[in-house]
Amino acid sequence: MSLRAVQLLLAATLLCAGMANAQDNPAPAAAPQPQPASNWPAKDGWVTLRDFKFGTGETLPELKLHYLTLGTPHRNAAGHVDNAVLLLHGTGGNAHSLLNPIFSNVLFVPGGILDIQKYFVILPDDIGHGESSKPSDGLHAHFPAYDYDDMVRGQRMVLDEMNVDHLRLILGTSMGCMQSFVWGETYPDFMDALAPFACLPVEIAGRSRMMRYMAIQDIKVDPAWMGGEYKAQPQDGLRAANEILMIMGSSPLQMQKQAPKRQQAEQYVDRYLERTMASTDANNMLFYLNASRNYNPEPKLETIKAPLLWINSADDYINPPELGIAERLVKRIPHGRFILLPISDDTRGHGTHTVASVWKNYLAEFMRETEPKQ
């Protein structure tokens, strides 16, 4: 993989990985940010939800949610959609994140595991992300303090508006991984299968919350933040936050290979910060980093009915394997299977969730095993 490709993967990984939690697809690294543009014939869609009430009790008169689709919905003899696949991006990502060629060019191609000639693929922009409603649209720090429950409920309402009444698969990366667990507990009969990649189904605490909290506070203590009403981005706080996110989503093995000399390492950091500083809004970051604050599916894991394929990577700094959490909790999921990918020349730390070539065989087997009986 080229240096540029690894940089994109890392940035996205952080953006959707580092931010969620040490398990979620935290940070603006949830799925690697999209490379320039893929040629997939994605169609834009919009849904406006009126008077959307958030878990905090706050209400937004209009919550606008954007999504992309690939393929065409199919209905079975009973009239239910039977080929819809919901793909959920990571913290700081967007609907284009999983159009990244290292994901899409492996899965969406003819004969691929998620061949868009067979499946109807739905890629939403979550609340606070992409082209959906977010703090930077104008409400700034007064935007409702959304959480993962709000995001999943919004996703379900979008599907209702699309007349999609069932999902063949939900595959989520980082933050999307955590949302997959929320989906499984909140709407247990809505999907045939769940594939959460790169997260843990427990409260965001320990080092994971510490890192998120530090990034949030870095922004808030910057005098230029001005309570969220800044006229220009608070550079010092935002820089520090982005640096934390870079570490969260990093892969020591790959970073050492890509920058084995001091000057290369320093140039890598400079290029990363130049890119992320130009594309990150401080209020948006605060909100999506904090969205995982009350996430905790652990108490109700037994209520997940759908078969579940859960994959983490051993070099994931956000979800370190030494915690032993996954091995312990997967036993409580009725039809759950956990796979820990060993560190290899192919893994990319937290961002492994988007490198489909590493785990595609597990997903292919899972799709065969969960194929609905006709």
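Structure first, text after, so check above.
Bear in mind the structure is a predicted one, so any value in this text is a computation, not a measurement. Within every chain, residues take consecutive numbers counted from 1 along the sequence as written. Note on the predicted model: pLDDT of at least 70 is required for a residue's local features to be given, and 80 or more for side-chain atom pairs to be given and counted; whole-chain, interface and lining totals, by contrast, use all residues. Side-chain measures were taken over the full set of non-hydrogen atoms in the model, leaving aside hydrogen atoms and water.

K.L.:
Explain the side chain of Ser-104 to me, using residue names and the numbers behind them.
P.N.:
Under the DSSP-based scheme used, a helix requires at least four consecutive residues in state H or I and a strand at least two consecutive residues in state E, with every element numbered from the N terminus. By secondary structure assignment, the location of Ser-104 is in helix 2 (residues 101–107). For the purposes of these results, a polar contact is taken to be a pair of N or O atoms within 3.5 Å, where, inside protein, one atom must be able to donate a hydrogen and its partner to accept one; residues adjacent in sequence count only when each atom of the pair is a side-chain atom. From its side chain, Ser-104 meets the backbone oxygen of Leu-99 in a polar contact 2.8 Å long. When checking whether two residues touch, look at their non-hydrogen atoms; a contact exists if any pair is within 4.5 Å. With residues near it in sequence (within four places) discarded, Ser-104 still touches Trp-40, Leu-98, Leu-99 and Val-109.

K.L.:
Can you lay out the state of the cysteines for me, pointing to particular residues and giving the numbers?
P.N.:
When the sulfur atoms of two cysteines share a covalent bond, that bond is a disulfide. Here, the term disulfide refers to a pair of cysteine sulfur atoms separated by no more than 2.5 Å. A full pass over the atoms with the stated rule returns 1 disulfide. Across the disulfide, Cys-177 is cross-linked to Cys-199 (sulfur-sulfur distance 2.0 Å). Taking the sign of the S-S torsion, -65° for the link of Cys-177 and Cys-199, the bridge is left-handed. Of this pair, Cys-177 sits in helix 4 (residues 175–186) while Cys-199 sits in the loop between strand 6 (194–197) and helix 5 (206–220), and the two are 22 residues apart along the sequence. Whether a residue is buried, partly exposed or exposed follows from its accessible area with a 1.4 Å probe, protein chains only, as a fraction of its type maximum: under 20%, in between, or over 50%, in that order. Using a relative accessible area of 0% as the deciding quantity, one classes Cys-199 as buried.

K.L.:
Can you break down empty space enclosed by the protein residue by residue, with the values?
P.N.:
Both site types are read off a 1 Å grid over the protein atoms alone. A 1.4 Å probe that fits but cannot get out defines a cavity, while an open set with protein on both sides within 12 Å along at least five of seven lines defines a pocket; lining residues have an atom within 4 Å of a point. Grid points are joined across faces, edges and corners, and a volume is the space filled by probe spheres set on the points. Taken as a whole, this structure holds 4 cavities of 30 Å³ or more when the rule is applied. Here the largest cavity defines a volume of roughly 90 Å³. Surrounding the largest cavity, 14 residues form its lining, Pro-124, Asp-125, Gly-154, Gln-155 and Val-158 being those nearest its centre. Where the lining of the largest cavity is concerned, the elements lending two or more residues are strand 2 (59–70), strand 4 (120–124) and helix 3 (148–161). If you tally residues by element for the lining of the largest cavity, the top one is helix 3, at 5 residues. Three categories are distinguished: nonpolar for Ala, Val, Leu, Ile, Met, Phe, Trp, Tyr, Cys and Pro, charged for Asp, Glu, Lys and Arg, and polar for the others, with Gly belonging to the last. Residue classes in the lining of the largest cavity are distributed as 9 nonpolar, 3 polar and 2 charged.

K.L.:
Provide a residue-level description of the packing of helix 5 against helix 6 (residues 235–248), including the pertinent values.
P.N.:
Between helix 5 and helix 6, whose axes approach to 7 Å, the crossing angle comes to 165°. When the axes of helix 5 and helix 6 are compared, the pair comes out roughly antiparallel. Like other packed secondary-structure pairs, helix 5 and helix 6 cross with a definite hand, here left-handed. Between helix 5 and helix 6, the residues in contact are Met-211, Arg-212, Met-214, Ala-215, Asp-218 and Ile-219 and Gly-237, Leu-238, Ala-240, Ala-241, Ile-244 and Met-248, respectively. Working convention: axes come from line fits to C-alpha atoms, limited for helices to the stretch in contact. Angles between N-to-C directions cover 0 to 180 degrees. Here is the rule for angles: anything less than 35 degrees is roughly parallel, anything more than 145 is roughly antiparallel, 65 through 115 is roughly perpendicular, and the remaining ranges are oblique. Crossings are classed by handedness, with left-handed meaning an anticlockwise turn of the near helix from the far one by less than a right angle and right-handed meaning a clockwise turn.

K.L.:
A description of the packing of aromatic side chains should follow, citing residues and the corresponding values.
P.N.:
By convention here, two paired aromatic rings are described through the distance between centres and the angle between planes. To pair, rings of Phe, Tyr and Trp, with the six-membered ring standing in for Trp, must have centres within 6.5 Å; the planes then decide the type, stacked if under 30 degrees apart, edge-to-face if over 60, and tilted in the middle. Evaluated as defined, the whole model comprises 13 aromatic pairs. Consider the rings of Trp-183 and Phe-190, whose centres lie 5.6 Å apart with planes at 35°: the pair is tilted. Neither Trp-183 nor Phe-190 differs from the other in exposure class; each is buried. These aromatic residues form a ring-pair network of at least three members: Trp-40, Phe-103, Phe-108, Phe-197 and Trp-359. Directly above the ring of Tyr-317 sits Arg-207, whose terminal nitrogen or CZ lies 3.7 Å from the centroid. Over a ring means this: the NZ of a Lys or the CZ of an Arg is within 6 Å of the ring centre and within 35 degrees of the ring normal.

K.L.:
Go over the sheet that holds strand 4 with me, naming the residues and quoting the values.
P.N.:
Whether two strands pair comes down to DSSP finding at least two bridges between them. What the 8 strands build is an open sheet, ordered 1-2-4-3-5-6-7-8; its pairing is mixed. The open sheet terminates on both sides in strands that have one partner only, identified here as strand 1 (43–53) and strand 8 (336–341). The average undirected angle you get between the axes of adjacent strands in this sheet is 20°.

K.L.:
Hey, could you go over unusual backbone geometry for me, with residue numbers and the actual values?
P.N.:
With the exception of glycine, most residues fall at negative phi, and the peptide bonds are largely trans. One non-glycine residue, Asn-163, lies in positive phi territory at about 65°. Mapped onto the elements, Asn-163 comes out in the loop between helix 3 and strand 5 (169–173). Taking relative accessible area as the criterion, Asn-163 reaches 53% and is therefore assigned exposed. Look at Met-226: it is not a glycine, yet its phi comes out positive at around 55°. Residue placement: Met-226 occurs in the loop between helix 5 and helix 6.

K.L.:
An account of the packing of helix 6 against helix 8 (residues 262–279) is needed here, citing residue identities and associated values.
P.N.:
When two helices pack together, their arrangement is given by the angle between the helix axes and the distance between those axes. Between helix 6 and helix 8, the shortest axis-to-axis distance is 10 Å and the interhelical angle comes to 120°. By the angle between their axes, helix 6 is oblique relative to helix 8. Note that helix 6 runs across helix 8; the crossing there is right-handed. Between helix 6 and helix 8, the contacting residues are Gln-235, Leu-238, Arg-239, Asn-242, Glu-243, Leu-245 and Met-246 on the first element and Tyr-268, Val-269, Tyr-272, Leu-273, Thr-276 and Met-277 on the second. In the contact of helix 6 with helix 8, the residues fall into 8 nonpolar, 3 polar and 2 charged.

K.L.:
Which residues make up the environment of Arg-337, and what are the values?
P.N.:
Examined against the element boundaries, Arg-337 turns out to sit in strand 8. When its relative accessible area of 38% is taken as the criterion, Arg-337 is described as partly exposed. Put simply, Arg-337 and Leu-308 are 29 residues apart on the chain and 6.2 Å apart in space, counted from C-alpha to C-alpha. Each residue touching Arg-337, except ones within four places of it in the same chain, is listed here: Leu-308, Leu-309, Trp-310, Val-330, Tyr-362 and Glu-365.

K.L.:
So what's going on with the pattern of salt bridges? Residues and values would help.
P.N.:
What counts as a salt bridge is simple: a side-chain nitrogen of Lys or Arg found within 4 Å of a carboxyl oxygen of Asp or Glu. Per the counting criterion, the structure on display carries 13 salt bridges. Here Arg-328 and Glu-298 are joined by a salt bridge, their closest N and O atoms 3.7 Å apart. Separated by 30 residues along the polypeptide, Arg-328 in helix 10 (residues 325–329) and Glu-298 in the loop between helix 9 (282–290) and strand 7 (308–313) bring together distant segments of the chain. Accessibility expressed as a relative area gives 22% for Glu-298, which makes it partly exposed. Arg-332 serves as the salt-bridge partner of Glu-302, at 2.7 Å between the closest nitrogen and oxygen. With Glu-302 in the loop between helix 9 and strand 7 and Arg-332 in the loop between helix 10 and strand 8, this pair connects stretches of sequence that are 30 residues apart. Of the residues examined, Arg-332 reaches a relative accessible area of 26% and is grouped as partly exposed.

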